[in-house]
Amino acid sequence: MYLIVLTVHVMTLCLFVGTAAIVDLRLLGLTMQKVRVSEVMARLLPWTSAGFLVMLISGALLFYAAPLLRYQNIFFRAKMLALVLAGVNVWVFHNTVYRRVAEWDLDPIPPRSARMTGGLSLVLWAFLITLGRMIPYQVYWFN
Amino acid sequence: MSVLDFFERLQYSPLLVAMRSSSWAFPVIASLHLMGLALLGGAVLIVDLRLLGFGLRNQPLAQIARDAERWLLVSLAVLLPTGILQFMCFAATKYYYLTAFWVKMAVLPLALLFTFAVRRKVAGADETGMNPVWSKLAAVVSLSLWSTVAIAGRWIGLP
């Protein structure tokens, strides 16, 4: 059962981080330069959100399988911190740069602040993946 | 030399012995493999979703396929070396005996072949003249093949 949930968690990685990465790459001006940023976001983010929901549910189940062990795990704690940071990054982007998307919607390479969000997002998700993968390699336990 | 002999040679080559003695090398390589998987997922999905009539459906299919292929190649450039290293780490003592590994090795070439031969043709063809059943079928086959590769990979499991 644990393995099935874990498989769902890993498979959904493709949907969630995969579509998020494409959006981030567009924000960095590295893909689909001719497509409006708002269109990429509108068409792909519903898939990203659906993926995130499955990630959250399967992730919560994986945590629930061994709550104390996870809570004491340094990589788990770091992963949750990175998750919060990734959330803040998304929130800040939607409430600042993206408010003015009409001004740079068609730019092949979006403005610096949008590129920063895309880059930061890619780095944070890469961190999250690494920290998640590290959870079984725990070396230091919290009390 | 049998397959098992060959796998043993790989596993006990000096580089791999050094890699196994590090407690970090394996999870770090596995993490990079997962990042590659995520990127591959994105690159495969935007084209398959488009073929199914979802995602960026107002954009020309050929354009999306071209943009996605670049990132698909990048993801494969990450996945293949990190995958081969993980396999070499425990080739003779673990992978050789795992059905999931052999399933993955059988389906991976099929997935690559289908993506770069069949689906590429479908995505590059003139959309107006094509029966939508074919593009949908191509997307379903592509998704099934890549899912099998990913699930079999997950089933190989932790070392």
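Structure shown above.
Residues numbered from 1 in each chain as written. Chains lettered and ligands numbered in written order. Predicted model: local features only at pLDDT ≥ 70, side-chain atom pairs only at ≥ 80, totals over all residues. Heavy atoms only, no water.

1. With respect to the interface of chain A and chain B
Moving on, step 1. Contacts between the two partners involve 33 residues from chain A and, on the opposite side, 35 residues from chain B.
Moving on, step 2. Regarding the contact of chain A and chain B, the summed buried area is about 3,100 Å², with carbon and sulfur atoms giving 76% of it.
Moving on, step 3. Contact with chain B buries area across many residues of chain A, yet A:Arg43, A:Arg133 and A:Tyr137 alone supply 20% of it, more than any other trio.
Moving on, step 4. At the junction of chain A with chain B, the criterion picks out zero salt bridges.
Moving on, step 5. Applying the counting criterion to the chain A and chain B interface returns three residue pairs in polar contact (both at pLDDT 80 or more).
Moving on, step 6. Elements represented by at least two residues in the side of chain A that touches chain B include exactly α1 (2-27), α2 (37-65) and α6 (112-134) of chain A.
Moving on, step 7. Per element, the largest residue contribution to the side of chain A that touches chain B is 14 residues, and it comes from α1(A). (Contact = heavy atoms within 4.5 Å. Buried area = accessible area lost by both parts, 1.4 Å probe. Salt bridge = Lys/Arg side-chain N within 4 Å of Asp/Glu carboxyl O. Polar contact = N/O pair within 3.5 Å; in protein donor to acceptor, adjacent residues only side chain to side chain. Helix = DSSP H or I, 4+ residues; strand = E, 2+ residues; numbered from the N terminus.)

2. Quick look at helix α4 (residues 74-95) of chain A
Residues and elements named next belong to chain A.
Moving on, step 1. Here α4 spans 32 Å end to end across 22 residues, near enough to the 32 Å set by a 1.5 Å rise per residue.
Moving on, step 2. For α4, every residue scored as buried is listed here: Phe-75, Phe-76, Lys-79, Ala-82, Ala-86, Asn-89 and Phe-93. Viewed along the axis of α4, the buried residues span an arc of 130°, placing them on a single side of the element. Those residues of α4 that are exposed and aimed more than 90 degrees away from the buried face are Leu-81, Val-84 and Trp-91.
Moving on, step 3. Each element contacted by the buried residues of α4 is listed here: α1, α2, α3 (67-71), α5 (101-104) and α6.
Moving on, step 4. By the N-cap criterion, in which a side-chain oxygen at the helix start approaches the backbone nitrogen of a residue two or three places on, α4 is capped by Asn-73, the distance to Phe-75 being 2.8 Å. (Expected span 1.5 Å × (residues − 1). Buried < 20%, exposed > 50% of the residue type's maximum accessible area, 1.4 Å probe, protein only. Arc of directions from axis to C-beta.)

3. Comments concerning helix α6 (residues 132-156) of chain B
Moving on, step 1. In this model, α6(B) (25 residues) spans 36 Å end to end at C-alpha, consistent with the 36 Å of a helix rising 1.5 Å per residue.
Moving on, step 2. Buried within α6(B) we find B:Ser135, B:Ala138, B:Ala139, B:Ser142, B:Leu145, B:Trp146, B:Val149, B:Ala150, B:Ala152, B:Arg154 and B:Ile156.
Moving on, step 3. Considering only its buried residues, α6(B) is in contact with α1 of chain A together with α3 (25-51) and α5 (99-124) of chain B.

4. Concerning unusual backbone geometry
Moving on, step 1. Residues other than glycine seldom take positive phi values, yet A:Met32 does so here, at roughly 45°.
Moving on, step 2. Its relative accessible area of 1% is what places A:Met32 among the buried residues.

5. Observations concerning the side chain of A:Thr48
All names here are of chain A.
Moving on, step 1. Structurally, Thr-48 can be placed in helix α2.
Moving on, step 2. Within polar-contact distance, the side chain of Thr-48 engages the side chain of Thr-19 at 2.9 Å.
Moving on, step 3. Filtering out sequence-adjacent residues up to four positions away, Thr-48 remains in contact with Phe-16, Thr-19 and Ala-20.

6. Concerning the packing of α4(A) against α6(A)
Residue and element names in this part refer to chain A.
Moving on, step 1. Packing of α4 against α6 brings their axes to within 9 Å, and their N-to-C directions diverge by 160°. By the angle class used here, α4 and α6 are roughly antiparallel. Viewed along their axes, α4 and α6 form a crossing whose handedness is left-handed. Note on element contacts: α6 touches α4 through Ala-114, Thr-117, Leu-120, Ser-121, Leu-124, Trp-125, Leu-128, Leu-131, Gly-132 and Met-134, opposite Phe-75, Ala-78, Lys-79, Ala-82, Leu-83, Leu-85, Ala-86, Asn-89 and Phe-93.
Moving on, step 2. Taken together, the residues of the contact of α4 with α6 sort by class into 14 nonpolar, four polar and one charged. (Axes fitted to C-alpha atoms, helices over the stretch in contact; angles between N-to-C directions. Parallel < 35°, antiparallel > 145°, perpendicular 65-115°, else oblique. Left-handed = near helix turned anticlockwise from the far one by under 90°. Nonpolar A, V, L, I, M, F, W, Y, C, P; charged D, E, K, R; others polar.)

7. Structural notes on the pattern of salt bridges
Moving on, step 1. Enumeration according to the criterion identifies three salt bridges over all chains in this entry.
Moving on, step 2. A:Asp105 is the salt-bridge partner of A:Arg36, the closest N and O atoms lying 3.7 Å from each other. Here A:Arg36 is found in the loop between α1 and α2, whereas its partner A:Asp105 is found in the loop between α5 and α6, with 69 residues between them in sequence.
Moving on, step 3. Its relative accessible area of 10% is what places A:Asp105 among the buried residues.
Moving on, step 4. The shortest N-O distance in the salt bridge between B:Arg119 and B:Asp48 comes to 2.8 Å. One end of the pair, B:Arg119, is in helix α5; the other, B:Asp48, is in helix α3, with 71 residues separating them in the sequence.
Moving on, step 5. With relative accessibility at 6%, the residue B:Arg119 sits in the buried group.

8. Considerations on the packing of α5(B) against α6(B)
Residue and element names in this part refer to chain B.
Moving on, step 1. It is the contact of α5 with α6, at a shortest axis distance of 9 Å, that shows an interaxial angle of 155°. Considered as vectors, α5 and α6 are oriented roughly antiparallel to each other. For the pair α5 and α6, the sense of crossing is left-handed.
Moving on, step 2. For the contact of α5 with α6, the per-class residue count stands at 18 nonpolar, five polar and two charged.

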